[in-house]
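If you want the building blocks of each chain, they are given just below.
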Amino acid sequence: MYTVKEVAKMLDLSEHAIRFYTDKGLIPSLLRDKNNNRLFNEESINWLIGVKILKQCGMSIEDIKTYADLCIKGDSTIQERYEIILRQKEHAHFQLQAARKTVDYLEAKSNYYLNIIEGVIADSSNPAKWPLKYELNEVWDTIKQVGAK
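The structure presented is a predicted model; accordingly, all values stated were derived computationally and were not measured. (Residues numbered from 1 in each chain as written. Predicted model: local features only at pLDDT ≥ 70, side-chain atom pairs only at ≥ 80, totals over all residues. Heavy atoms only, no water.)

Structural notes on the pattern of salt bridges
Applying the stated criterion across every chain, the model contains three salt bridges. Put simply, R19 and E15 hold a salt bridge, and the shortest N to O gap is 3.4 Å. One end of the pair, R19, and the other, E15, are both in helix 2 (residues 15-23), four residues apart, so they sit about a helical turn from each other. A relative accessible area of 29% means that E15 is categorised as partly exposed. For the salt bridge of D69 with K65, the shortest nitrogen-to-oxygen distance reads 2.9 Å. Residue D69 and its partner K65 are both found in helix 4 (residues 61-73); the two are separated by four residues, about one turn of the helix. (Salt bridge = Lys/Arg side-chain N within 4 Å of Asp/Glu carboxyl O. Helix = DSSP H or I, 4+ residues; strand = E, 2+ residues; numbered from the N terminus. Buried < 20%, exposed > 50% of the residue type's maximum accessible area, 1.4 Å probe, protein only.)

Here's the deal with unusual backbone geometry
One non-glycine residue, D12, lies in positive phi territory at about 55°. D12 sits in the exposed class, given a relative accessible area of 67%. Its identity as a non-glycine residue notwithstanding, N36 has a phi of 70°, on the positive side. By secondary structure assignment, the location of N36 is in the loop between strand 1 (31-32) and strand 2 (38-39).

Topic: helix 5 (residues 78-117)
Here helix 5 spans 57 Å end to end across 40 residues, near enough to the 58 Å set by a 1.5 Å rise per residue. Positive backbone phi, approximately 80°, marks G119, located one or two places after helix 5. (Expected span 1.5 Å × (residues − 1).)

Remarks on the confidence of the model for the chain
Averaged over all residues, the pLDDT of the chain is 89; the fraction at 70 or higher stands at 88%. Across the chain, the element-wise mean pLDDT spans from 65 in helix 6 (residues 136-147) up to 96 in helix 4. (pLDDT = per-residue confidence, 0-100.)

Remarks on the nonpolar core
V7, I18, Y21, L26, I27, F40 and L48 are the most contacted members of the largest nonpolar core, which has 23 residues in total. Sorting the residues of this core by element identifies helix 1 (4-11), helix 2, helix 3 (42-56) and helix 4 as the ones contributing at least two each. No other element matches the five residues that helix 3 contributes to this core. (Core = buried A, V, L, I, M, F, W, Y, C linked by side-chain atoms within 4.5 Å.)

Considering a nonpolar patch on the surface
A surface patch of nonpolar side chains, about 310 Å² in accessible area, is lined by Y113, L114 and I117. By secondary structure assignment, the location of Y113 is in helix 5. (Patch = residues over 30% accessible without salt bridge, like charges linked within 9 Å, V, L, I, M, F, W, Y side chains within 5 Å. Areas by Shrake-Rupley, 256 points an atom, 1.4 Å probe, with all protein chains shown as cover.)

What about the packing of helix 4 against helix 5?
Relative orientation of the contacting elements helix 4 and helix 5 amounts to 155°, with a least axis distance of 9 Å. In this view, helix 4 runs roughly antiparallel relative to helix 5, as classed from their interaxial angle. Like other packed secondary-structure pairs, helix 4 and helix 5 cross with a definite hand, here left-handed. In this structure, helix 4 contributes T66, Y67, L70 and C71 to the contact, and helix 5 contributes E80, R81, I84 and I85. (Axes fitted to C-alpha atoms, helices over the stretch in contact; angles between N-to-C directions. Parallel < 35°, antiparallel > 145°, perpendicular 65-115°, else oblique. Left-handed = near helix turned anticlockwise from the far one by under 90°. Contact = heavy atoms within 4.5 Å.)

Some thoughts on the environment of D123
With respect to the element layout, D123 can be found in the loop between helix 5 and helix 6. According to the relative accessible area criterion, D123 is partly exposed, its value standing at 48%. For D123 and Y112, which are eleven residues apart along the polypeptide, the C-alpha to C-alpha distance reads 9.2 Å.

Topic: the environment of A17
Relative to the helices and strands, A17 is located in helix 2. Residue classification places A17 among the buried positions, given a relative accessible area of 16%. Considered as a pair, A17 and V4 are 13 residues apart in the sequence and their alpha carbons are 9.9 Å apart.

Okay, here's the thing in C-alpha cells:
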C-alpha cells in the first residue's frame, strides 16, 4: 500500500491533484485506513495513471469520470468509451490546427521583424502607429507578404 505522498512522487503528480482526482470519484479502487487516509494499491495506481494520461490529452474531469464509470461497467461499454476517445481525438486535432496557425503567424511575424532589422522595410509593427480602423486582415496579409521575402 502506498500513501498520497508516495504515489505523488511515483507518478509525478501533486498531492493536491491526487486528492482532487480521488474526491471526484476517478479512482474507484481507492482504499482508506482506519484514520480515513487514502491508500493506494496497484489497481488504484493504474487508475491514477489512466487519469493522468487522459488529463494530459486534454480530457475534462467530467469526461474522465464518465469514462471511468463506463470502464467499471465492463466490456459492454466499449463502444461508448470509443466514442469518448474519438471526441477527444477530434478536439486534439482542432487544438493542433490552432497551434499550427499560431506557429505560422509567429514565423511570419519573426521574418517581418528580421526584414525590419535588416533594413529591407520600414517599421510598421507598432499598433500605436497604425492608421485608424486598420483591418486585421490587412495586417495579416502584410505580415505574410513581407515574411515570405
